[in-house]
Amino acid sequence: MTAEKPRVRFAPSPTGDLHVGNARTALFNYLFARHHGGEFILRVEDTDSVRTSTDSERRILEDLAWLAIDWDEGPGRGGAKGPYHQRERLDLYSHYLKILIQAGCVYPCYCTEKELEAERAELIFRKMMPRYMGKCRNLNDSERKNLADQGREPAYRFRIGTESIAFTDLIRGAMKFDAGAIGDFIIVRSNGIPAYNFAVVVDDYLMSISHVIRGEDHLSNTALQLLIYRALGFKPPVFAHHALILGKDRSKLSKRHGSVTVREFRERGILPEVLLNYLALLGSSLGGGREVCALEEMITSFSLDRAGKSGAIFDEDKLKWLNGIYIRQGDLHSLTERLLPFIRAAGYHKVDTLDRVWLERVIDAVRGDLSTLSDIGDQMDIFFDDRYVLSGEAQRLLGKEQALTVVRALQEGLEHPPLSADNSYRRIIEIVKRKTGVTGKNLFMPIRAVVTGRIRGPELDKVFAILSPASLKHRVETAISGLSGINR
RNA sequence: GUCCCCAUCGUCUAGUGGCCUAGGACACGGGCCUUUCACGCCUGUAACCGGGGUUCGACUCCCCGUGGGGACACCA
């Protein structure tokens, strides 16, 4: 590791929403930078003219901000090594392309995409590794002129030798590749836009990136990039390739596995700090057996040594479990604040007119049953008469003879003169118990069922304290008339 | 197909030659608490891929096999 402060980067391409795998890469880079007091740079790799969209870029930046991953240099923040969009760095790439051409490391290739595709198909058919066979590798000047005269715009390919490429990966150790197995690859497309491997090398070098931390899927790209570093005479950064996030079938996590973008989890009501916490936990260990871990602690304890070498399956159960912990342990005011959009989405359009103190009591009562913020609507329903409904389970439970007796006693108990909200619950339970002689589960479950319409939910004393006496009475009455009808 | 990477409970992992009768977490089962479901607490089931070495001693080191994954675009 270098003695100076490290400079790392996260370089998304704005071709869709931020994938959790990429978010994890961003987090690793961020944690690495913060842990070592270095700099974290954000660079937008927008060289794919057809798939890139400014909307995607906006959304990725939003997602990063939502996760509280902030960058020291990059879009919206500036910096000495900009610009931070590859599209604005085209002259830089053409400068280094010229150098490579002059050095004879690169040659123009006039093959059309159709021709290349045919070659690839042929190789695959013959069960060989699909790679460029070097058709334009040794063209002379007149041949080139000929092709150019046909109106063909050349792409530029890097001339691969037979040397072997070795480097030390910070996570994986000694790594060795054989250049012979690789075909000459394109570094600048026929439209003049650089290809990934070339742009990355130029940018990482010019931006003084000291450590490249990225997914294992880039391992073989590293060999190509190292070749370019060598040809340009650049000192390469230190590389670290972490394992990927896998789906249930152990293949790279992708759309068909379900939710995969940061935005999807956000919309499903996963807390940003939980997603971060989980991503840090996945495929690594926070050390000391810690699982629930705030960002500050992650920064302190972060180490690439702990990054796992094998892929880790994304476990939504554990994510939800972690989310539930944060929901239960967090501050009630901020929880309420974050819940508001989800309450609105559940159809409570007038949530802002609700009494905030009352709302917070409701949230406090149900937070124990929430695993995601989007569960709130369903859990809140029991406190609103127009949403109250006897579930099938509750009806079944109330269908029992003894249950009906309890409910009738409850009805009588509610007839007693208004009591203070604080002790009404205990008094009513006392009355019902005395009248029926029923105790325990047989006493509480019927009461829970009529009052909430469900067989599970918040603690009953809280429910009684929140619900108005009128609602209570109304629910019991309608339940009784309904049930008696069924029984007869 | 070729190259590369990886390999501990179902899942995420601890374990860096003796502390391992392999520890923790999620999930699952049981119990306790709450005169209720849940929460919480306690507890159970469950793993070192196989074969060779190296060593007094291998989950840990080496080799082979097997299995899984990744890469192989004028995408990044």
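Quantities reported herein were computed from a predicted structural model and do not represent experimental measurements.

*Asks:* Go over the overall build of chain A with me, naming the residues and quoting the values.
*Replies:* Scanning chain A from terminus to terminus reveals 20 helices and 11 strands. Computed over its C-alpha atoms, the radius of gyration of chain A comes to 32 Å, more than 25% above the 23 Å expected for a compact globule of 488 residues. Its C-alpha atoms give chain A principal-axis dimensions of roughly 105 × 50 × 40 Å. In chain A, which comprises 488 residues, the share counted as buried stands at 48%. Long-range pairs, those at least 24 residues apart, make up 75% of the contacts in chain A between residues at least 6 apart in sequence. Averaged over its 69 positive side-chain charges, chain A has a centre that lies 3 Å from the centre of its 64 negative ones.

*Asks:* Lay out the sheet that holds strand β4 (residues 155-158) with the relevant residues and their values.
*Replies:* Taken in spatial order, the three strands of this open sheet run β3-β4-β7, and their pairing is antiparallel. Each edge of the open sheet is held by one strand with a lone partner, namely β3 (106-109) and β7 (185-188). Neighbour-to-neighbour, the strand axes of this sheet turn through a mean angle of 45°, independent of strand direction. Here β4 pairs with β7 via three bridges, running antiparallel. Across the sheet, the residue bridging to Phe158 is Phe185, located in β7.

*Asks:* Explain the protein's contact with RNA strand B residue by residue, including any values.
*Replies:* Taken together, 63 residues form the shell around RNA strand B, and within it Arg172, Arg189, Ser220, Gly283 and Glu291 come nearest. In the interface set of RNA strand B, defined as its atoms within 4 Å of the protein, sugar plus phosphate atoms amount to 72%. Between a sugar or linking oxygen of RNA strand B and a side-chain N or O atom of Arg172, the distance comes to 2.3 Å. Contacts to RNA strand B include Lys433, whose side-chain N or O atom sits 2.8 Å from a base oxygen. Broken down by secondary-structure element, the contributors of at least two residues to the surface near RNA strand B are α4 (113-125), β6 (173-178), α7 (219-232), β11 (312-313), α11 (316-329), α17 (421-436) and α18 (441-452). For the surface near RNA strand B, the class distribution of residues is 21 nonpolar, 15 polar and 27 charged.

*Asks:* Describe in detail the pattern of salt bridges, supporting the description with residues and values.
*Replies:* Scanning the model with the defined rule gives 35 salt bridges in all. Note that Asp203 and Arg89 form a salt bridge whose closest N and O atoms lie 2.6 Å from each other. Here the residue Asp203 occupies a position in helix α6 (residues 196-206), and Arg89 occupies one in the loop between α2 (54-66) and α3 (90-102), the gap between them amounting to 114 residues. Judged by relative accessible area, which is 0%, Asp203 ranks as buried. You can call Arg89 buried: its relative accessible area is 1%. Two residues, Arg475 and Asp385, come together in a salt bridge whose shortest N-O distance is 3.0 Å. Residue Arg475 is found in helix α20 (residues 469-487), and its partner Asp385 is found in the loop between α14 (376-380) and α15 (392-398); the two are separated by 90 residues along the sequence.

*Asks:* Please give an account of the environment of Leu227 that cites residues and values.
*Replies:* Relative to the elements of secondary structure, Leu227 occurs in helix α7. Classification of Leu227 as buried rests on a relative accessible area of 3%. Leu227 sits 207 residues away from Val20 along the chain, and the two C-alpha atoms are 30 Å apart. When near neighbours in sequence (up to four residues on either side) are disregarded, Leu227 contacts Phe158, Ile160, Glu163 and Ile165.

*Asks:* Quick one: what's the story with the nonpolar core, residue by residue and with numbers?
*Replies:* Residues Phe314, Ile343, Phe383 and Leu410 are the most contacted members of the largest nonpolar core, which totals 99 residues. Sorting elements by how many residues they give to this core places helix α1 (residues 20-35) first, with nine residues. Not counting residues up to four positions away in its chain, the partners in contact with Ile343 are Tyr348, Val351, Leu359, Ile363, Ile376 and Met380. Ile160, Ile165, Tyr229 and Phe239 belong to the second largest nonpolar core, which has 35 residues in total.

*Asks:* Any chance you could break down helix α12 (residues 332-345) for me, citing the residues and the numbers?
*Replies:* Counted at 1.5 Å a residue, the expected span for α12 with its 14 residues is 20 Å, and the 20 Å between its end C-alpha atoms agrees. Along α12, the helix axis deviates most sharply at Leu339, where the bend reaches about 40°; the proline Pro341 sits within four residues downstream. Those residues of α12 lying buried are Leu335, Thr336, Leu339, Leu340, Phe342 and Ile343. On its buried face, α12 is in contact with α8 (262-267), α11, α13 (356-366) and α14. Measuring from the backbone nitrogen of His333 back to the side-chain oxygen at the start of α12 gives 3.3 Å, which picks out Asp331 as the cap. Looking one or two residues past α12, Gly347 carries a phi angle of roughly 105°, positive in sign.

*Asks:* Tell me about the confidence of the model for chain A, and name the residues and values.
*Replies:* When pLDDT is averaged along chain A, the result is 91, and 97% of the positions lie at 70 or above. Across the assembled chains, the prediction reports ipTM 0.94 with pTM 0.93.

*Asks:* Give a detailed account of unusual backbone geometry, specifying residues and quantitative values.
*Replies:* In this structure, the amide linkage connecting Gly82 to the following residue, Pro83, adopts the cis form with an omega of -5°. By the element assignment, Pro83 lies in the loop between α2 and α3. Unusually for a residue other than glycine, Ser208 sits at a positive phi of about 55°. By secondary structure assignment, the location of Ser208 is in the loop between α6 and β8 (211-215). When its relative accessible area of 32% is taken as the criterion, Ser208 is described as partly exposed.

*Asks:* Report on helix α16 (residues 401-415), specifying residues and quantitative values.
*Replies:* With 15 residues, α16 ought to run about 21 Å at 1.5 Å a step, and its terminal C-alpha atoms sit 22 Å apart, in line with that. Turning to α16, its buried residues number three or more, namely Ala403, Leu404, Val406, Val407, Ala409, Leu410, Gly413 and Leu414.

Each value, and the rule that gives it
Residues numbered from 1 in each chain as written. Chains lettered and ligands numbered in written order. Predicted model: local features only at pLDDT ≥ 70, side-chain atom pairs only at ≥ 80, totals over all residues. Heavy atoms only, no water. Helix = DSSP H or I, 4+ residues; strand = E, 2+ residues; numbered from the N terminus. Rg over C-alpha atoms; globule rule 2.2 N^0.38 Å. Buried < 20%, exposed > 50% of the residue type's maximum accessible area, 1.4 Å probe, protein only. Contact = heavy atoms within 4.5 Å. Lys, Arg positive; Asp, Glu negative; His and termini not counted. Charge placed at Lys NZ, Arg CZ, Asp CG, Glu CD. Pairing = 2+ DSSP bridges. Axes fitted to C-alpha atoms, helices over the stretch in contact; angles between N-to-C directions. Near = heavy atom within 4 Å. Polar contact = N/O pair within 3.5 Å; in protein donor to acceptor, adjacent residues only side chain to side chain. Nonpolar A, V, L, I, M, F, W, Y, C, P; charged D, E, K, R; others polar. Salt bridge = Lys/Arg side-chain N within 4 Å of Asp/Glu carboxyl O. Core = buried A, V, L, I, M, F, W, Y, C linked by side-chain atoms within 4.5 Å. Expected span 1.5 Å × (residues − 1). Bend = angle between axes of the 7 residues up to and from the residue. pLDDT = per-residue confidence, 0-100.

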